[in-house]
Amino acid sequence: MTTITAATAAPAPPVFSRIWRIVRLITANPFTAIVTPWLILGTIFLLNWLIWLIIFANLGADQRSNAQEGIQWSGAAFYIFVYMLVLAVQAINLSFPLALGYGSTRREFTLGAMLTFVLLSVMYAVGMTIGAALEKATDGWGLGGTFFRTIYFGGDEVWYVQLWVYFCWFLFFFFTGTIFAAMYVRWKASGLIVAFAVLAFLVVGGGALLTFTETWHVLWGTIADLGVVGSVSWLLVPAVLSAGLGYLVLRRATPRG
Amino acid sequence: MSAVIEARSLSKYYGGERGGRVHAVEDVSFSLEENRIHGLLGRNGAGKTTLMQLVTGQEFATRGEIRVFGASPVENARVLSQLCFIKESQRYPDDFRVKHVLGTAPHFFANWDPAFAAELIERFRVPVNRRMKKLSRGQLSAVGVIVGLASRAPLTFFDEPYLGLDAVARQLFYDTLLADFAENPRTIVLSTHLIDEVSNLLEHVIVIDEGRIIIDADAEELRGSAVDIVGPRGAVDAFVEGREVLHRTGLGGLASATIARLDETERIAAREAGLELAPVSLQQLVVRTTIGDTPDLSKGDNA
């Protein structure tokens, strides 16, 4: 042993393949990210359809259109968005330590996770839009029911607008999950508490501000003016903020046993 | 010789600047050469895992410098794509089965050998369809061992890889590691406290205690570096007078002391003084060095 020189490393694989392998890591078990959500959504849809059947069987023709209007506000499909929030939390919290053990950088992991969420948002938005098209073509699944074409999802809009609305909703939920997961991975329970406290202050503080300045009507007016498409597009602002903040938080996170 | 890892005055503290601060790794300097099997030995909580996390860029150093393949490992894709570090407490995604671990690992390791992985699964009898959460401790360790071996990463860490493995599986791991290392030389860091079992594998040993490196030597050199002298208390005391005693213990009129290597004339002198000489195993050496020269019977230290 004479002078010690530094051993050299082979070049790293290209950056896209380093990010893409994170997508494959997070979706390694396709049941979690793809199969199970559709199965549950299908089950919920079937149950809803049966409930419509029961309702309409017991209503006269005059009450029928009234009930159909009410169903347009159905929140039955909302489950899938909450599922995606949880999926984002799980994906980041549990794939992060494994990815680092496999020799990924935090930057690659975070970008890979975000790419996964964008791709899943596209896939689910396309699926839901197809559901909406079928719903329109079958005149509400033969019963005049509403599952995919509810008010929050753009109602009667053309397919590409509906696709956009769904896409915005999915991104919003995925990236809300991202920031909470990032806070947890970095600072564990205290990170989560801070995140929830900040959120609570924003909501309560915003409410107080609107109340004291008596400007609630301005908010509702703005939402009404923007319409569903405009309002939902605004969800991209918190989504992008969460993504950026989540990236910064994860850049200095450490996997702990 | 080329150094794969070089640390200079590396420290990692947890907690704030004042009170409650924990020194996990303190002012550590060492270098590990390429294509050797290094042992990172120490008691639980000595700082082994923190040190490995610093080397793999998973932890951020408080002070000092760490270079892996000549560069800082932190967020360095070129460096990190050379390593594999499956922690003893490695967490896996909830929905992962063994096959998902083995299915995703090849994307991360350029040298991954699928045939070798399949052979190891067979030999370690790992149930590939079982959920990671349902694995026994030994099976979990086996998955880590399989990934570590089949990755053939130029710098591979094994963190207490034998936990929960039965004697057969442990021997299988040691044999496979040695055989595969001979065919595919790479740098291996094996963290363990079962020192005797691995002492024949190790070429270089670092012993860490309370965050500090207390031994950094070639294993061969270390094996002959200390000797036990046993005999009547008076004779032992007289012989060790003026020498550094690593460890001392007594029973009635008999005493035993662990001291540094003796040369031939010293050995003859010791025998003439009615003392017996006994070799000290690597494990005993580490145990004695980390306990210090005052035996503490409450720690079960009576040897």
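Only a predicted model underlies this, so the values are computations on that prediction, with no experimental measurement involved.

J.: Can you explain the overall build of chain B? Please cite residues and give values.
T.: Per the secondary structure count, chain B includes 11 helices and 13 strands. Structurally, chain B occupies a C-alpha span of about 65 × 45 × 40 Å along its principal axes. Buried residues in chain B amount to 42% of all 303 residues. Long-range pairs, those at least 24 residues apart, make up 69% of the contacts in chain B with a sequence separation of at least 6.

J.: So, the interface of chain A and chain B: which residues are in play, and what are the values?
T.: The partner chain B presents 40 residues to the 36 residues of chain A that form the contact. Counting residues per element, the ones that place at least two in the side of chain A that touches chain B are strand S1 (5-6), helix H1 (15-26), helix H2 (30-57), helix H4 (79-101) and helix H5 (106-137) of chain A. Of the residues assigned to the side of chain A that touches chain B, the class counts are 18 nonpolar, 12 polar and six charged.

J.: Quick one: what's the story with the sheet that holds strand S10 (residues 226-232) of chain B, residue by residue and with numbers?
T.: Residues and elements named next belong to chain B. The four strands are arranged S11-S12-S10-S13 in an open sheet whose pairing can be described as antiparallel. The open sheet has two edge strands, strand S11 (245-251) and strand S13 (276-279), and neither has a second partner. When strand polarity is set aside, the average angle formed by the axes of neighbouring strands in this sheet is 20°. Looking at chain direction, S10 and strand S12 (residues 254-260) are connected through seven bridges and run antiparallel. Each bridged residue has a counterpart across the sheet, and for Asp-228 the counterpart in S12 is Thr-258.

J.: I'd like a description of the domain arrangement of chain B, backed by residues and values.
T.: Residues and elements named next belong to chain B. Under the domain assignment used here, chain B contains domain 1 (3-91 + 148-220) and domain 2 (224-299). Distance between the C-alpha centres of domain 1 and domain 2: 31 Å. In this assembly, 10 residues from domain 1 lie in contact with six residues from domain 2. Elements with a contribution of two residues or more to the side of domain 1 that touches domain 2: helix H7 (195-198), strand S8 (204-209) and strand S9 (212-218). Residue classes in the side of domain 1 that touches domain 2 are distributed as six nonpolar, one polar and three charged.

J.: How would you explain the packing of helix H7 (residues 159-212) of chain A against helix H8 (residues 216-234) of chain A if you had to name every residue and give the values?
T.: All names here are of chain A. The N-to-C vectors of H7 and H8 enclose an angle of 125°; their axes lie 8 Å apart at closest approach. By the angle class used here, H7 and H8 are oblique. Counted together, Val-161, Val-165, Cys-168, Trp-169, Leu-210 and Thr-211 of H7 and Trp-216, Leu-219, Val-228, Val-229, Val-232 and Ser-233 of H8 form the full contact between these two elements. Per-class residue counts for the contact of H7 with H8 are 10 nonpolar, two polar and no charged.

J.: Explain the packing of H2(A) against H4(A) to me, and be specific about the residues and the numbers.
T.: When two helices pack together, their arrangement is given by the angle between their axes and by how far apart the axes lie. All names here are of chain A. As a packed pair, H2 and H4 sit with axes 10 Å apart at the nearest point and diverge in direction by 160°. Classified by the angle between their axes, H2 and H4 sit roughly antiparallel to one another. Note that H2 runs across H4; the crossing there is right-handed. Where H2 abuts H4, its residues Thr-32, Ala-33, Pro-37, Ile-40, Leu-41 and Ile-44 lie against Tyr-79, Ile-80, Tyr-83 and Leu-87. Considering only residue class, the contact of H2 with H4 consists of nine nonpolar, one polar and no charged.

J.: I'd like a rundown of the sheet that holds S9(B), residues and numbers included.
T.: Neighbouring strands of a sheet are bound in pairs by backbone hydrogen bonds; such pairs are parallel or else antiparallel. Residue and element names in this part refer to chain B. Spatially, six strands are ordered S5-S6-S7-S3-S8-S9 in an open sheet, and the strand pairing comes out mixed. The open sheet has two edge strands, strand S5 (83-86) and S9, and neither has a second partner. On average, adjacent strands in this sheet sit at an angle of 15° to one another, irrespective of strand direction.

J.: Go over the pairing of strand S3 (residues 37-41) of chain B, please, and point to the residues and values.
T.: All names here are of chain B. Extensive coverage of S3 is indicated by the burial of five of its five residues. Of the two faces of S3, the one holding Ile-37, Gly-39 and Leu-41 and the one holding His-38 and Leu-40 are both buried throughout. One ladder, built from five bridges, connects S3 with strand S7 (residues 187-192); its direction is parallel. What sits directly across from Gly-39, in S7, is Leu-190. Pairing between S3 and S8: four bridges, direction parallel. The partner of Gly-39 across the bridge, within S8, is Val-205.

J.: Pulling in residues and values, what's your account of the nonpolar core?
T.: Counting residues in each nonpolar core, the largest one holds 139 residues, and the members touching the most others are A:Ala88, A:Ile92, A:Tyr166, A:Phe170, A:Phe174, B:Val101 and B:Ile146. Considering every element that reaches this core, the biggest residue donor is H7(A), with 17 residues. Mapped onto the domain boundaries, this core takes at least three residues apiece from domain 1 (3-91 + 148-220) and domain 2 (224-299) of chain B. Not counting the four nearest positions on each side in its chain, A:Phe170 is found in contact with A:Phe81, A:Met84, A:Ser121, A:Tyr124 and A:Ala125.

J.: Could you give an account of the pairing of S11(B), naming the residues involved and the relevant values?
T.: All names here are of chain B. When S11 meets S12, the two strands line up antiparallel, connected through six bridges. The residue of S12 that forms the bridge with Gly-250 is Ala-255. Between S11 and S12, which pair antiparallel in sequence order, lie two residues; one of them, Gly-252, sits at a positive phi of approximately 60°.

J.: So what about unusual backbone geometry? Which residues, and what values?
T.: In this model, A:Glu214 sits at a positive phi of 50°, which is unusual for a non-glycine residue. By secondary structure assignment, the location of A:Glu214 is in the loop between H7 and H8. For B:Ser9, which is not glycine, the phi torsion reads 50° and is therefore positive. In this structure, B:Ser9 sits in strand S1 (residues 2-14). What makes B:Ser9 partly exposed here is the crowd of 13 C-beta atoms within 10 Å.

What counts as what
- Every chain is numbered independently, its residues counted from 1 as its sequence is written.
- Numbering of ligands from 1 and lettering of chains from A proceed in the order in which they are written.
- Thresholds applied to this predicted model are a pLDDT of at least 70 for local features of residues and 80 or more for the giving and counting of side-chain atom pairs; totals over whole chains, interfaces and linings are not thresholded and use all residues.
- In this text, helices come from DSSP runs of H or I with a minimum length of four residues, and strands from runs of E with a minimum of two, each type numbered from the N-terminal end.
- Exposure in this text rests on C-beta crowding, where 20 or more other C-beta atoms within 10 Å of a residue's own make it buried, 12 or fewer make it exposed, and counts in between make it partly exposed. The C-beta atoms are placed from the backbone.
- Any pair of residues counts as being in contact when their C-beta atoms, constructed from backbone geometry, are within 7 Å of one another.
- Under this grouping Gly is polar, as are all residues other than the nonpolar Ala, Val, Leu, Ile, Met, Phe, Trp, Tyr, Cys and Pro and the charged Asp, Glu, Lys and Arg.
- At least two bridges found by DSSP between two strands is the condition for calling them paired.
- Every axis in this analysis is a line fitted to C-alpha atoms, fitted for helices over the stretch in contact. Angles between the N-to-C directions lie between 0 and 180 degrees.
- Residue ranges for the domains trace back to a domain assignment, done automatically or taken from a database.
- These descriptions rest on fixed angle ranges, namely under 35 degrees for roughly parallel, over 145 for roughly antiparallel, 65 to 115 for roughly perpendicular, and the rest for oblique.
- By definition, turning the near helix anticlockwise from the far helix through less than a right angle yields a left-handed crossing, and turning it clockwise yields a right-handed one.
- By convention the nonpolar core is taken to be a set of buried residues drawn from Ala, Val, Leu, Ile, Met, Phe, Trp, Tyr and Cys and joined through C-beta atoms within 7 Å.

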